[in-house]
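Chain by chain, the residues run as shown.
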Amino acid sequence: MSERINLGKSAPALYQAVIGLEKLAAEAVASASIPDGFAHLLRLRASQLNQCAFCIRMHTQDALSSGESSDRISVLAAWRETGYFTEKERSSLALVEAITLISDGQVPDAIYEQAAANLSKDEISAVEWLSVVINAWNRIATSSRYPVKA
């Protein structure tokens, strides 16, 4: 395969705008009192669904550095089958997945209703913005073929 255009280098102003969006989303996450480690798990889950190796590696490392357990990280792809996540976290994970897979049924009412039952409006907004931003990063890293080497 030929080398891809690196979107960060080819359009630095646009890349910086996404960095700005990331900072604002992180502020919303902090303002909604969503723990930093769990926010990395949300980013990690979207990255798993998008098969973005660069972001999967980064957010796994970030989640570990933020105090998330290797157990929670290792079962994240099968979170519905575990007892590792609270109802609030489960609602957040379902919402991130629905937004990431938005072409498959949009964001179903049942998932949004579950989120509304377990999360505050600020938490829902923060999770949605976090989802929007990580999906943008996944697309930047994957289409640019950011290297992931041992």
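Below you will find a few notes about this structure.

Here is what the cut-offs are and how they apply
Residues numbered from 1 in each chain as written. Predicted model: local features only at pLDDT ≥ 70, side-chain atom pairs only at ≥ 80, totals over all residues. Heavy atoms only, no water. Helix = DSSP H or I, 4+ residues; strand = E, 2+ residues; numbered from the N terminus. Contact = heavy atoms within 4.5 Å. Core = buried A, V, L, I, M, F, W, Y, C linked by side-chain atoms within 4.5 Å. Buried < 20%, exposed > 50% of the residue type's maximum accessible area, 1.4 Å probe, protein only. Salt bridge = Lys/Arg side-chain N within 4 Å of Asp/Glu carboxyl O.

### Points about the side chain of His40
Phase 1: Relative to the elements of secondary structure, His40 occurs in helix 3 (residues 36–50).
Phase 2: The contacts of His40, once residues within four sequence positions are left out, are His59, Asp62, Ala63 and Ser66.

### Remarks on the nonpolar core
A general tendency of soluble globular proteins is for nonpolar side chains to be buried together.
Phase 1: Grouped together as the largest cluster of nonpolar side chains are 37 residues, with contacts concentrated most on Ile34 and Leu41.
Phase 2: For this core, the secondary structure elements donating two or more residues are helix 2 (12–31), helix 3, helix 4 (53–65), helix 6 (87–100), helix 7 (109–118) and helix 8 (121–144).
Phase 3: When residues of this core are assigned to their parent elements, the largest contribution, nine residues, is made by helix 8.
Phase 4: Not counting residues within four places of it along the chain, the set of residues in contact with Leu41 comprises Ala63, Glu68, Arg72, Ile73, Leu76 and Phe85.

### Observations regarding the pattern of salt bridges
Phase 1: With the rule as written, the count across this model stands at seven salt bridges.
Phase 2: When the shortest N-O distance is used, the salt bridge between Arg72 and Glu68 registers 2.6 Å.
Phase 3: Of the residues examined, Arg72 reaches a relative accessible area of 12% and is grouped as buried.
Phase 4: Taken together, the shared-partner salt bridges connect Arg45, Arg80 and Glu97 into one network.

### Digging into the environment of Gln106
Phase 1: Its place among the elements puts Gln106 in the loop between helix 6 and helix 7.
Phase 2: Relative accessible area serves as the criterion here: at 56%, Gln106 is assigned to the exposed category.
Phase 3: Taking the C-alpha atoms as reference, Gln106 lies 30 Å from Asn6; in sequence the two are 100 residues apart.
Phase 4: Apart from the residues within four sequence positions on either side, Gln106 is in contact with Ala98 and Leu101.

Nothing here speaks to function; it is all geometry.
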